[in-house]
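Read off the chains here:
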Amino acid sequence: MGTEYDVPSTADLDAMYESLKNWGRWGPDDERGALHYLTDGHTARAAGLVRSGESVSLSHDLATEPLPEHPHPVQHHMLASGDARDANGISGYEAARDHLSLDIHGLHTTHVDALSHMFVRGEMYGARPASDVRSDGARTNTILSMARGVVGRGVLLDIPRALSVPFLDRGAVVTRADLDAAEAAQQVAVGSGDILLIAWGRSARRRANKGFDGFSGLHPDCLPWLHERQVAVLGSDGISDPMPFIGTPEWPFPVHQIGITAMGLHLIDNMRLDELSERCAATGRWEFLFTMHPLRIAKGTGCPVNPVAVL
């Protein structure tokens with residue numbers, strides 16, 4: 001971890017994109033990508049990780065007020081409320097009803113990216129054309145690939161804790177060596193089918209700096225590591241890519257661009273991981289049952305989510 005690291009060239013990232021492609025690996029019609037690593041057997045074994053039964057939410061509250069990283073907050077309107085509780089037109093029926101409207105993606109709302117979220121040179125995962133995502137929604141690679149839910153072994157790698165710092169500072173990125181070091185420090189190994197969560201200390205840094213000043217994230221050299229470990233889903237307390245960026249003009253978000261489009265790796269962005277980290281540190285166990293159930297948005301390129309860790 002540090003502010004000095006090799007910055008990959010466009011040619012480096014072009015080569016990485018080609019070498020990490022999972023296109024056709026699970027057949028020509030595949031829209032699940034790396035979710036294939038998460039088998040029913042993996043899920044069954046993950047159920048055995050539950051010890052206390054305590055559950056921890058891994059989501060932020062939906063923000064209804066603007067924030068520096070979230071200038072277009074959730075719009076929450078009441079369609080029926082307590083000050084007009086008898087105005088429903090049905091005698092004796094009193095109820096409240098809500099309407100929500102939001103940008104699913106972005107830098108604050110906890111959400112999962114479908115494989116239709118990213119394009120590289122006009123293509124998305126599986127060589128499907130960007131034109132499959134139309135003004136009325138996506139035709140392929142939609143969030144329905146997660147309609148069964150995501151239930152499996154979750155692993156948290158807390159990079160600041162492993163490095164004995166409160167958070168990663170502006171300009172610091174997580175390297176492949178940092179992932180190895182965190183595994184060793186936490187005595188946990190990331191394996192095939194895992195849902196991997198990586199913390200860089202977003203909440204602690206926001207508190208210390210009294211506001212938003214960018215994100216830490218993964219160096220692109222972590223992508224082959226994720227591919228080798230056969231990670232099924234990747235989550236982070238940021239967006240996995242660092243801000244300021246360390247890519248090139250052609251590859252400004254290499255983890256999103258290569259992870260989603262080449263590898264078929266669903267990303268969970270803007271998770272809240274500080275409470276989970278404290279619980280894991282207290283017990284010395286960094287693995288748990290992970291559960292997430294996105295809404296069935298038939299043409300969606302993502303979905304707001306409330307992932308839950310069961311300890």
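For the structure, see preceding data.
Caption draft 1: Spatial organisation of the overall build of the chain. Counting its secondary structure elements, the chain contains eight helices and 15 strands. What you see for the chain is a C-alpha radius of gyration of 20 Å, in line with the 19 Å of a compact globule of 311 residues. Along the three orthogonal principal directions, the C-alpha set of the chain runs to about 70 × 45 × 40 Å. Evaluated residue by residue, the chain yields a buried proportion of 50% over its 311 residues. When contacts within the chain are restricted to residue pairs at least 6 apart in sequence, long-range pairs at least 24 apart make up 78% of them. Accessible surface, the chain: about 13800 Å² in total, of which carbon and sulfur atoms supply 52%.

Caption draft 2: Looking closely at the side chain of Thr261. Tracing the backbone shows Thr261 in helix α7 (residues 254-262). A relative accessible area of 0% places Thr261 in the buried class. A polar contact of 3.0 Å, which involves the side chain of Thr261, links it to the backbone oxygen of Gln257. If we ignore the near neighbours within four places in the chain, the residues touching Thr261 are Tyr17, Trp23, Met118, Phe119, Val120, Glu123, Met124, Tyr125, Gly126 and His256.

Caption draft 3: Molecular detail of the packing of helix α1 (residues 10-19) against α7. Contact geometry of α1 with α7 gives a least axis separation of 9 Å together with a crossing angle of 25°. If you check the angle between α1 and α7, you find them roughly parallel. The hand of the α1/α7 crossing is right-handed. Seen from α1, the contacting residues are Leu13, Met16 and Tyr17; seen from α7, they are Pro254, Gln257, Ile258, Thr261 and Ala262. Taken together, the residues of the contact of α1 with α7 break down into six nonpolar, two polar and no charged.

Caption draft 4: Geometry of the sheet that holds strand β15 (residues 308-310). The nine strands lie next to each other as β1-β15-β13-β9-β10-β11-β12-β4-β14, forming an open sheet whose pairing is mixed. Edge positions in the open sheet fall to β1 (55-57) and β14 (302-304), since each of these has one partner strand only. Strand-to-strand twist across the sheet, computed as the mean angle between neighbouring axes with direction ignored, equals 25°. Direction of pairing for strand β10 (residues 195-199) relative to strand β11 (residues 233-236): parallel, over a ladder of four bridges. Residue Ile195 lies in a different strand from β11, and its bridge partner there is Val233. In this fold helix α4 (residues 176-186) packs onto β9 (150-158) and β10, with an angle of close to 95° to the strand it touches most, β9.

Caption draft 5: Here's a closer look at the environment of Arg97. With respect to the helices and strands, Arg97 occurs in strand β3 (residues 97-101). With relative accessibility at 41%, the residue Arg97 sits in the partly exposed group. Between the C-alpha atom of Arg97 and that of His76, which follows or precedes it by 21 residues, the distance is 11 Å. Not counting residues within four places of it along the chain, the set of residues in contact with Arg97 comprises His77, Met78, Leu79, Ala80 and Asn88.

Caption draft 6: The nonpolar core, seen in detail. Ranked by size, the top nonpolar core spans 69 residues in total, and within it Leu157, Leu196, Leu197, Leu226, Leu276 and Phe290 carry the most contacts. If one sorts the elements of this core by residue count, β10 sits on top with five residues. Sequence-distant contacts of Leu197, that is, excluding residues within four places in its chain, are made with Leu58, Val155, Leu156, Leu157, Gly235, Met271, Leu273, Leu276, Phe288 and Phe290. Core analysis: the second largest hydrophobic core is formed by five residues, Ala46, Leu49, Leu289 and Val308 among them.

Caption draft 7: Summary view of the pattern of salt bridges. All chains considered together, the criterion is met by 20 salt bridges. We note a salt bridge from Glu54 to Arg279, for which the minimum N-O separation is 2.6 Å. On the criterion of sequence distance, the pair formed by Glu54 in the loop between α2 (40-47) and β1 and Arg279 in helix α8 (residues 274-283) is long-range, its members being 225 residues apart. On the basis of relative accessible area, Arg279 is assigned to the partly exposed category, the value being 30%.

Caption draft 8: Structural detail: the environment of Ala208. Looking at the secondary structure, you find Ala208 in helix α5 (residues 202-209). With a relative accessible area of 44%, Ala208 lands in the partly exposed category. Separated by 143 residues in the primary sequence, Ala208 and Glu65 place their C-alpha atoms 21 Å from one another.

Caption draft 9: Focus on the pairing of strand β13 (residues 287-292). In terms of burial, β13 is largely enclosed, as five of its six residues are buried. The pairing of β9 with β13 spans six bridges and is classified as antiparallel. When the bridges of β13 are listed, Val150 appears paired with Met292. Bridge count for β13 against β15 is three bridges, and the pairing is antiparallel. Residue pairing across strands places Thr291 opposite Val308, the latter belonging to β15.

Each value, and the rule that gives it
- Residues numbered from 1 in each chain as written.
- Predicted model: local features only at pLDDT ≥ 70, side-chain atom pairs only at ≥ 80, totals over all residues.
- Heavy atoms only, no water.
- Helix = DSSP H or I, 4+ residues; strand = E, 2+ residues; numbered from the N terminus.
- Rg over C-alpha atoms; globule rule 2.2 N^0.38 Å.
- Buried < 20%, exposed > 50% of the residue type's maximum accessible area, 1.4 Å probe, protein only.
- Contact = heavy atoms within 4.5 Å.
- Areas by Shrake-Rupley, 256 points an atom, 1.4 Å probe, with all protein chains shown as cover.
- Polar contact = N/O pair within 3.5 Å; in protein donor to acceptor, adjacent residues only side chain to side chain.
- Axes fitted to C-alpha atoms, helices over the stretch in contact; angles between N-to-C directions.
- Parallel < 35°, antiparallel > 145°, perpendicular 65-115°, else oblique.
- Left-handed = near helix turned anticlockwise from the far one by under 90°.
- Nonpolar A, V, L, I, M, F, W, Y, C, P; charged D, E, K, R; others polar.
- Pairing = 2+ DSSP bridges.
- Core = buried A, V, L, I, M, F, W, Y, C linked by side-chain atoms within 4.5 Å.
- Salt bridge = Lys/Arg side-chain N within 4 Å of Asp/Glu carboxyl O.

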